[in-house]
Amino acid sequence: MRQAKTHSGILSGGGISKRYGPHLLPLARIKKIMKKSSVDVKMISGEAPLVFSKACELFIEELTKRSWNMTIQGKRRIIHKEDVACAVANTDIFDFLVELVHPNASSHVDLNEGPSKETTQG
């Protein structure tokens, strides 16, 4: 893995002024997702993917903690899809994920798929 010369300020707690550093999520992939999100998005600054990267890390940490609590309540030591679904169902801020992790949903979810018609019409 390529090591950058300086650490990102956002990951070391010093703001978002530096562009290089070890990131847990690939910045190029984040930028690609950002551009794909809307035809109106043409230009993205170099710092925007850093902010999104950190936001994604925090989101994953929070959802994992809540899922782990469901796992512990079930007296298990491995997080299952059902634990994530329960964590989403029990947390209002994760309502946008309800259709994605619904317990009756198929086991295969196409993550490249856009929002369903039901959510875009409402």
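Our subject is the structure that appears above.
Figured I'd write up the structure that's included with this text. Just so it is clear, the model here is predicted, and its values are computed rather than measured.

The next thing to look at is the overall build of the chain. On a plain count of helices and strands, the chain comes out with six helices and zero strands. With 122 residues in all, the chain has 19% of them scored as buried. Residue pairs at least 24 apart in sequence account for 35% of intrachain contacts in the chain once pairs closer than 6 positions are excluded. As presented, the chain carries roughly 9,500 Å² of accessible surface, and 58% of it is formed by carbon and sulfur atoms.

Attention now goes to the pattern of salt bridges. Overall, the coordinates contain three salt bridges when judged by the stated rule. With a closest N to O distance of 2.7 Å, Arg66 and Glu62 form a salt bridge. Taken together, the residues span about one helical turn, with Arg66 and Glu62 both in helix 3 (residues 48–73) at a distance of four residues. For Arg66, a relative accessible area of 30% gives the class partly exposed. A salt bridge links Asp83 to Arg76; the shortest N-O distance between them is 2.6 Å. For Arg76, a relative accessible area of 28% translates into the label partly exposed.

Before going further, it helps to spend a moment on the nonpolar core. Side chains of a nonpolar character, in soluble globular proteins, are inclined to be buried together. Counting eight residues, the largest nonpolar core is built from Leu63, Met70, Ala85, Ala87, Val88, Phe94, Leu97 and Val101. Of all the elements in the fold, those that place two or more residues in this core are helix 3 and helix 4 (81–89). With three residues, helix 4 is the single largest residue contributor to this core.

Mapping Lys42 onto the fold places it in the loop between helix 2 (27–36) and helix 3. On the basis of relative accessibility, which here comes to 59%, the residue Lys42 falls in the exposed class. Within the structure, the side chain of Lys42 is placed 2.9 Å from the backbone oxygen of Val39, a separation counted as a polar contact.

To continue, consider the packing of helix 3 against helix 4. Running from N to C, helix 3 and helix 4 cross one another at 110°; their axes reach a closest spacing of 8 Å. Here helix 3 is positioned roughly perpendicular relative to helix 4, judged by the angle of their axes. Note that helix 3 runs across helix 4; the crossing there is right-handed. Note on element contacts: helix 4 touches helix 3 through Asp83, Val84, Cys86, Ala87 and Val88, opposite Leu63, Arg66, Ser67, Met70 and Thr71. Taken together, the residues that form the contact of helix 3 with helix 4 break down as six nonpolar, two polar and two charged.

Basis of the calculations
Residues numbered from 1 in each chain as written. Predicted model: local features only at pLDDT ≥ 70, side-chain atom pairs only at ≥ 80, totals over all residues. Heavy atoms only, no water. Helix = DSSP H or I, 4+ residues; strand = E, 2+ residues; numbered from the N terminus. Buried < 20%, exposed > 50% of the residue type's maximum accessible area, 1.4 Å probe, protein only. Contact = heavy atoms within 4.5 Å. Areas by Shrake-Rupley, 256 points an atom, 1.4 Å probe, with all protein chains shown as cover. Salt bridge = Lys/Arg side-chain N within 4 Å of Asp/Glu carboxyl O. Core = buried A, V, L, I, M, F, W, Y, C linked by side-chain atoms within 4.5 Å. Polar contact = N/O pair within 3.5 Å; in protein donor to acceptor, adjacent residues only side chain to side chain. Axes fitted to C-alpha atoms, helices over the stretch in contact; angles between N-to-C directions. Parallel < 35°, antiparallel > 145°, perpendicular 65-115°, else oblique. Left-handed = near helix turned anticlockwise from the far one by under 90°. Nonpolar A, V, L, I, M, F, W, Y, C, P; charged D, E, K, R; others polar.

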